[in-house]
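Geometric and topological summary
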Amino acid sequence: MEPADSGPGGYAAARLRLLQEGARSGPPRRTGLARITDEWLAALLNGAIDADRPRGVSLVAVGGYGRGELSPRSDLDLLLLHDGTADAGAVAALADRIWYPVWDLGLALDHSVRTPAEARGTAGEDLKAQLGLLDARHVAGDAGLTAGLRTAVLADWRNQAPQRLPELHELTRERAHRQGELQFLLEPDLKEARGGLRDLTALRAVAASWLADAPREGLEEARRRLLDTRDALHLATGRATDRLALQEQDQVAADLGLLDGDALLRQVYEAARTVSYAGDVTWREVGRVLRSRAARPRFRGLLGGRGARTGSHAPGEYGERTPLAEGVVEQDGEVVLARTARPERDPVLPLRAAAAAAQAGLPLSRHAVRRLAAAVRPLPEPWPAEAREQLVTLLGAGVSTVAVWEALEAEGLITRLLPDWERVRCRPQRNPVHRWTVDRHLVETAVRASGLTRRVGRPDLLLMAALLHDIGKGWPGDHSVAGEVIARDVAGRLGFDRADAAVLGTLVRHHLLLVETATRRDLDDPETVRSVADAVGSGSTLELLHALTEADALATGPAAWSGWRGSLVADLVQRAAAVLAGEPVEDLTDPGEPTAEQERLALESWRTGGPVLALHTRTEPQPPGEGRTAPDAERPRTGTDDRGPAQEPVGVELLIAVPDQPGVLPAVAGVLAMHRLTVRAADLRAVDLPDGVAGHRSAGAAPGTADADGRTGGVLLLTWRVAAEYGSLPQAARLRSDLVRALDGSLDIPGRLAEREAAYPRRRGVPAPPPRVTVAPEGSRRATVIEVRAQDVPGLLHRIGRALDGAGVRVRSAHVSTLGANAVDAFYVTDAAGSPLDGAQAGKVARTVEEALR
């Protein structure tokens, strides 16, 4: 490339040509961009010096520019260095002749003007400034001045390293807590998140201190991938951004020659994982060196200063070795291989070392892992019993399993032990309910399952099912179906017998069965319970599936599990266990006689001709993520954060009696949405009035039949389980007033909900997938089950209710479930006579609801 001329136009044209060269990207483009920028800035400085005659100055690139890591929209980090002999006004004028042309081109500029002493003083007070100066690079002017500053800054850094490195480590931890982990975020910040470009800069600073050095394998490749991604992001957006937003990912992937956004995220995650692991290893080594330095003078003092002459050393200076397992010892707070270990003759040693480290709560030495990866032989198939037991021990160690697993993963040992792991490694999950990538979620599930092993008779099968339950996500189709095949195959290779392999296959195939059934089906319907019992097959497998369900949900994220979900699942498990034990299934779908309160409410509703309400407060906490949510701007805080646990609203049972008439369900759902009440479940039933009440519907008359006065016979009783999204619950009188207006048509519910959404608009990201409404096969013998999956928005239940009401069906019960931004609801519907719909009619109703939601 021909050099840029000294004018802004020449530099701008050269810069544009470089950025538009499709064949020139990655490191060559960044190097070329830094070079033409150097040439332009050098011409500006030299021209200014010739004009104004100040001497003893140099222009220094620092930070990312100093490293030559210029992305298309990167800031220019510049230091105008002067020796202090020139007049201050002349130096200021010189700076203006450089800064203003940069600003005129619209380039972001981080600039300063200092003497070497001032630069060192600032670095001593500001750690970030010192980090920038560690990458100082001469651009133009007095090269000796720049070299002198670089030498002094590096000397200061090395002398102050024992004090400054702990400060730098604390900064990296604070940033990780604030920004999250790059390898798990759906919209990661490539620079600030843990495992990103800032951490790479910190590792360079540690290496410059000479106290420790980061593992070099894969680190430069990780840096290149992250920088290439940032380059493509800058070009795709035209902005200086480091956040890889969802809407940009496919375009960035295409610019990098990748298949799609998932392929892009996987590359980014792999790079971040390399950086994060290198950081863990490096900071452990820094801590070890600093502890050793701190202990040595104290020990020498105890010896009266004789240590240097006698060859005595502080305890632990070279590290005492404590045996942990065969061929495995602890040394200096890490797990290392014993001197007698022979990895080439002991194929179980990697698992034994990993299990020992996890059980001891200690990190597995990187040097030990590298030696194991280089020397160990493959395990025979099926695995020997010891290997299988060591894997189960590793999985059952709890939270310390994660770091040990990552150490094995960093050297490729996991995929050598479990080849099927490759398909889920660093695989993103685009469901916001999930906190982790698929592989990390599997490990986290095993961690959660380790706390539930006392509840089951076969802890080993529980832990293995936790590790394998989502293994099918690396394959096309239903991941549960694909996962069952893989789990059976893996179980055989690991040495489990056929019966155990069958149980593992069943657990993987049905790992979502309990929570989906409990939250989306009527547990009083005997068909619901029988279907679960038939799928599971035995009480011992049901016991394992119950624990796996809880561990899976807890490892997914705060929106996936709650006391409410747990109670529903436990209820279902208890009923299914009774069936598996041979007890008869009780049909509770017939509500029987109304309670005294229900009868009182029904009578009052009939006499007044309007709705009657009763609220019963429950002490059960509102589970995070449950029910219908408010717009983002209104959402209450859930889960935990720096301020401690969130305050959870109180659950309430709301009883509503209303004369049977069209539009009851959408009216009630709309009023509840207006009052920002989240809905967990809804049950609807027709109540017969006692003999002697004028105009009551005779027993056995079909719901909806008009009486002699023209009124529809009977009273509808609706039981809703609700909770306030935030704040206190509304008064029953206000709910009743709005419900009366909703039923007589004087309250415009759709308009009110639209006004609320307009006042608190949701943040627009990637467009949500379209709603899907289906008929659940064999859901119930007494009703047809319509399943609705849609984006959770205020008033969704109201819209569904209007569609079902318009389709001429009656809703017996509704089961509401919300995970993140996704609503998954089930409605048990019948025809006007109370019978299930035939196939054609059910399909038509499903299409009607789906069209209404679109």
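Scroll up for the structure.
So, how was this worked out
Residues numbered from 1 in each chain as written. Predicted model: local features only at pLDDT ≥ 70, side-chain atom pairs only at ≥ 80, totals over all residues. Heavy atoms only, no water. Pairing = 2+ DSSP bridges. Helix = DSSP H or I, 4+ residues; strand = E, 2+ residues; numbered from the N terminus. Axes fitted to C-alpha atoms, helices over the stretch in contact; angles between N-to-C directions. Contact = heavy atoms within 4.5 Å. 1 Å grid on protein atoms, 1.4 Å probe; cavity = no way out; pocket = protein on both sides within 12 Å on 5 of 7 lines; lining within 4 Å. Points joined across faces, edges and corners; volume = space filled by probe spheres on them. Nonpolar A, V, L, I, M, F, W, Y, C, P; charged D, E, K, R; others polar.

If you walk across this open sheet you meet the three strands as 5-6-7, and the pairing is antiparallel. Edge positions in the open sheet fall to strand 5 (321–325) and strand 7 (334–337), since each of these has one partner strand only. Neighbour to neighbour, the strand axes of the sheet diverge by 40° on average, direction disregarded. In this sheet, strand 6 (residues 328–331) lies alongside strand 5 in antiparallel orientation, the contact comprising four bridges. Considered in strand 6, the bridge of Thr322 is made with Glu330. Contacts between helix 13 (residues 349–360) and the sheet are confined to strand 5, strand 6 and strand 7, with strand 6 contributing the most and set at about 40° to the helix.

One key point about sheets: their strands pair by backbone hydrogen bonds, in either a parallel or an antiparallel sense. If you trace the four strands from one edge of the open sheet to the other, you get 3-2-1-4, paired in mixed fashion. At either end of the open sheet lies a strand with only one pairing partner, and these are strand 3 (109–114) and strand 4 (137–141). Going from strand to strand, the sheet's axes swing by 25° on average, the running direction of each strand aside. Across six bridges, strand 2 (residues 76–82) lies against strand 3 in parallel orientation. Directly across from Leu81, in strand 3, lies its bridge partner Arg114. Strand contacts of helix 4 (residues 88–104): strand 1 (57–61), strand 2 and strand 3, with the helix running at about 170° to strand 3, the strand carrying the most contacts. The strands that helix 5 (residues 116–125) touches are strand 2 and strand 3; relative to strand 3, the one it contacts most, it runs at about 120°.

This model, assessed by the stated rule, comprises eight cavities of 30 Å³ or more. Roughly 80 Å³ of volume is contained in the largest cavity. Lining the largest cavity, in full, are Gln183, Phe184, Arg273, Val402, Trp405, Glu406, Glu409, Trp421, Asp439, Arg440 and Val443. Taken together, the elements giving at least two residues each to the lining of the largest cavity come down to helix 16 (400–410) and helix 18 (438–450). Considering only residue class, the lining of the largest cavity consists of five nonpolar, one polar and five charged.

Moving on, we get to unusual backbone geometry. The residue after Glu381, namely Pro382, is reached through a cis peptide bond having omega -5°. Take Pro382: it is sitting in the loop between helix 14 (366–375) and helix 15 (385–395). Positive phi outside glycine occurs at Cys426, with the angle close to 60°. Within the fold, Cys426 resides in the loop between helix 17 (413–417) and helix 18.

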